[in-house]
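Each chain, letter by letter, is given below.
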Amino acid sequence: GAVVSQHPSRVICKSGTSVKIECRSLDFQATTMFWYRQFPKQSLMLMATSNEGSKATYEQGVEKDKFLINHASLTLSTLTVTSAHPEDSSFYICSARGPGGGYGYTFGSGTRLTVV
Amino acid sequence: AQSVTQPDIHITVSEGASLELRCNYSYGATPYLFWYVQSPGQGLQLLLKYFSGDTLVQGIKGFEAEFKRSQSSFNLRKPSVHWSDAAEYFCAVGAFNQAGTALIFGKGTTLSVSS
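Computed from a predicted structure; not experimentally measured.

Procedures and definitions
Residues numbered from 1 in each chain as written. Chains lettered and ligands numbered in written order. Predicted model: local features only at pLDDT ≥ 70, side-chain atom pairs only at ≥ 80, totals over all residues. Heavy atoms only, no water. Helix = DSSP H or I, 4+ residues; strand = E, 2+ residues; numbered from the N terminus. Rg over C-alpha atoms; globule rule 2.2 N^0.38 Å. Buried < 20%, exposed > 50% of the residue type's maximum accessible area, 1.4 Å probe, protein only. Contact = heavy atoms within 4.5 Å. Lys, Arg positive; Asp, Glu negative; His and termini not counted. Charge placed at Lys NZ, Arg CZ, Asp CG, Glu CD. 1 Å grid on protein atoms, 1.4 Å probe; cavity = no way out; pocket = protein on both sides within 12 Å on 5 of 7 lines; lining within 4 Å. Points joined across faces, edges and corners; volume = space filled by probe spheres on them. Nonpolar A, V, L, I, M, F, W, Y, C, P; charged D, E, K, R; others polar. Salt bridge = Lys/Arg side-chain N within 4 Å of Asp/Glu carboxyl O. Polar contact = N/O pair within 3.5 Å; in protein donor to acceptor, adjacent residues only side chain to side chain.

Whenever I open this one, the overall build of chain B confuses me. Can you help?
Within chain B, the regular secondary structure consists of zero helices and 12 strands. Reading chain B from its N terminus to its C terminus gives the helix and strand order β-β-β-β-β-β-β-β-β-β-β-β. Whereas a compact globule of 115 residues would reach a radius of gyration of roughly 13 Å, chain B reaches 14 Å, a difference of no more than 12%. By principal-axis analysis of the C-alpha atoms, chain B measures approximately 45 × 30 × 20 Å. Looking at chain B residue by residue over its 115 residues, the buried ones come to 46%. In chain B, of all internal contacts separated by at least 6 residues, the share reaching a separation of at least 24 is 53%. Charge centroids of chain B, computed over 8 positive and 8 negative side chains, lie 6 Å from each other.

Is there a simple way to think about the layout of surface pockets in this case?
Each pocket or cavity is described by its volume, and for the largest pocket that value is around 530 Å³. What lines the largest pocket is a set of 23 residues, and nearest its centre among them are Gln 38, Pro 40, Lys 41 and Gln 42 of chain A together with Glu 88 of chain B. For the lining of the largest pocket, the element with the highest residue contribution is strand S10 (residues 87-97) of chain B, accounting for three residues. Residue composition of the lining of the largest pocket, by class: nine nonpolar, nine polar and five charged. Forming the walls of the second largest pocket are 20 residues, and the residues nearest its centre are Leu 44 and Met 45 of chain A together with Gln 2, Ile 104 and Phe 105 of chain B. Elements represented by at least two residues in the lining of the second largest pocket include exactly strand S5 (44-51) of chain A together with strand S1 (3-5), S10 and strand S11 (100-105) of chain B. Ranked by the residues each element gives to the lining of the second largest pocket, the list is headed by S11 of chain B, at four residues. Of the residues that constitute the lining of the second largest pocket, the class distribution is 10 nonpolar, eight polar and two charged.

I tried to follow the interface of chain B and chain A on my own but got confused; where do I start?
Much of the literature gives interface size as the accessible area that the parts lose upon coming together. With 19 residues of chain B at the contact, the number on the chain A side is 18 residues. Counting across the chain B and chain A interface gives zero salt bridges. Taken together, the links from chain B to chain A amount to five residue pairs in polar contact (both at pLDDT 80 or more). Those elements giving two or more residues to the side of chain B that touches chain A turn out to be strand S5 (33-38), S10 and S11 of chain B. Grouping the amino acids of the side of chain B that touches chain A by side-chain chemistry returns nine nonpolar, nine polar and one charged.

Any chance you could explain the side chain of Asp 85 of chain B here in plain terms?
Residue and element names in this part refer to chain B. As for its placement among the helices and strands, Asp 85 is situated in the loop between strand S9 (73-78) and S10. Taking relative accessible area as the criterion, Asp 85 reaches 4% and is therefore assigned buried. Residue contacts for Asp 85: discarding those within four places in its chain leaves Phe 63, Lys 78, Ser 80, Leu 111 and Val 113.

I'm lost on the pattern of salt bridges in this one. Help?
When the charged atoms of two side chains lie near each other, side chains of opposite charge can form a pair. Residues and elements named next belong to chain A. According to the stated counting rule, one finds six salt bridges over all chains in the structure shown. Of the charged contacts in the structure, one is a salt bridge between Arg 24 and Glu 22, with a shortest N-O distance of 3.6 Å. Residue Arg 24 is classed as partly exposed on the basis of its relative accessible area, which comes to 37%. Owing to a relative accessible area of 27%, Glu 22 belongs among the partly exposed residues under this scheme.

Shown next as structure tokens:
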């Protein structure tokens, strides 16, 4: 079945630094990628939607200059948290869809970001 | 706006007992509906989905869900719960935005299984 590989699974960074999270679709072309954020014991909040080769569409309230999303290829999307602060600590999950919605919504295994 | 409500934050069920997790949605058209399960610190696993057709949907691990348009509901059921079913369960609806159709999630229901 469709697999999305998300790395790293855990990362600790210092306040003020930037962190990059990668999501790769291993056996299909991910034309659309979704990025979610999940606070402890809470639901997944959609941050942004990106289509390959286009700028990401951010949800209201999500700072696009802080959460940089790149979807330059059909198999790779990245989320960069710039100038991270402790309040950015969270669980980030990506989800990918193939062309025409194929392969449904395949989720990565998530990245636990801790900013100290 | 599209939304999903999971009224039960936490449910405890005895092992072997039946389970029903509630989900209500708000969406103007025929919804795409999903149930996912998440173990602590893990990603999401799809249990089942409804796009159209038969309103009773069978999923993995013995789960099923029934789409009831009149009640705007998509409740998840399992006839006999196993201890390994303890996890967080999320209902989601596919919501179209200008960039694509994203999933909007409910707040989740934590399932505990007692022996």
